[in-house]
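# Inside the fold
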Amino acid sequence: MVIDYLSLHHVQICIPKGKEEKAKQFYIETLGFMEIEKPEALKKNGGFWLKGANIELHIGTEDTIVPGKRHPAFEINNLNEVRAYLEKRGITIHEETPIEGLQRFTFFDPFCNRIEFLSRIAKPDS
């Protein structure tokens, strides 16, 4: 059996219950996502949904948030400018183990969710 994947539909991360407004400040104002309508049937669960480019990021709520290695990774075009922008906003950047063909770094949102930004490195012409 071969699974015929089409694309990544969405990623969900979680924040503590009742912290939606603080999370919106970070994800909308700092990271530039746009809020999209969450289905009516799911609104009772708390949280909210966002979109950036063709990526949906769902912010859910939980009683306990445990930091870990799990994370969404977003490929962006202007990695160095974004790094400088985040550092100016007081966000600590963590250098990651180099991977051939990629530049990348991670940081944490205000709720200990790890986020990776990466950019492909153009191969020099032979």
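This report concerns the structure included in the present document.

Conventions we followed
Residues numbered from 1 in each chain as written. Predicted model: local features only at pLDDT ≥ 70, side-chain atom pairs only at ≥ 80, totals over all residues. Heavy atoms only, no water. Phe/Tyr/Trp six-rings, centres within 6.5 Å; stacked < 30°, edge-to-face > 60°. Helix = DSSP H or I, 4+ residues; strand = E, 2+ residues; numbered from the N terminus. Buried < 20%, exposed > 50% of the residue type's maximum accessible area, 1.4 Å probe, protein only. Pairing = 2+ DSSP bridges. Axes fitted to C-alpha atoms, helices over the stretch in contact; angles between N-to-C directions. Contact = heavy atoms within 4.5 Å.

### Some details on the packing of aromatic side chains
Under the counting rule described, the total for this entry stands at seven aromatic pairs. Geometrically, the ring pair formed by Phe-33 and Phe-74 is edge-to-face, given 5.6 Å between the ring centres and 65° between the ring planes. Of this pair, Phe-33 sits in the loop between α1 (20-30) and β2 (34-36) while Phe-74 sits in strand β5 (residues 73-75); the two residues are 41 residues apart in sequence, bridging distant segments of the chain. Of the two residues, Phe-33 and Phe-74, both sit in the buried class. Plain terms: the ring middles of Phe-105 and Phe-107 are 6.3 Å apart, the flat faces sit at 40° to each other, and that makes the pair tilted. Overall, Phe-107 belongs to the buried group, its relative accessible area being 0%. Aromatic rings pair up to connect Phe-26, Tyr-27, Phe-33, Phe-74, Phe-105, Phe-107 and Phe-117 into one cluster.

### Things to note about the sheet that holds strand β1 (residues 10-16)
Ordered in space as β1-β4-β3-β2, the four strands form an open sheet in which the pairing is mixed. The open sheet has two free edges, formed respectively by β1 and β2, since each of these has just one partner strand. Along the sheet, successive strands turn relative to each other by an average axial angle of 35°, direction set aside. Of the pairings in the sheet, the one linking strand β3 (residues 48-52) to strand β4 (residues 55-62) comprises five bridges and is antiparallel in character. When the sheet's bridge partners are listed, Gly-52 is paired in β4 with Ile-55. The sheet contacts of α1 involve β1, β2, β3 and β4, and relative to β3 the element is tilted by about 0°.

### Things to note about the sheet that holds strand β8 (residues 114-120)
Spatially, four strands are ordered β5-β8-β7-β6 in an open sheet, and the strand pairing comes out mixed. Each of the sheet's edge strands pairs with one partner strand only, and the pair in question is β5 and β6 (94-95). Where strand β7 (residues 102-108) and β8 come together, seven bridges link them in antiparallel fashion. Looking at β8, one finds that Phe-105 is bridged to Phe-117. Contacts between helix α2 (residues 79-88) and the sheet are confined to β6, β7 and β8, with β7 contributing the most and set at about 20° to the helix.

### Focus on the pairing of β7
When you tally the buried positions in β7, you get five out of seven residues, the bulk of the element. With two bridges joining them, β6 and β7 adopt antiparallel strand pairing. Following the sheet pairing, Glu-95 is matched in β7 by Phe-105. Where β6 folds back on β7, the antiparallel hairpin that results is connected by six residues, among which Gly-101 adopts a positive phi of roughly 85°. Hairpin connection between β7 and β8: a loop of five residues separates the two successive antiparallel strands, and Cys-112 in this loop has a positive phi of roughly 70°.

### Let's talk about α1
Buried within α1 are the following residues: Glu-20, Ala-23, Lys-24, Phe-26, Tyr-27 and Thr-30. Of the residues one or two after α1, Gly-32 is the one with positive phi, at around 80°.

None of this, on its own, says anything about what the molecule does.
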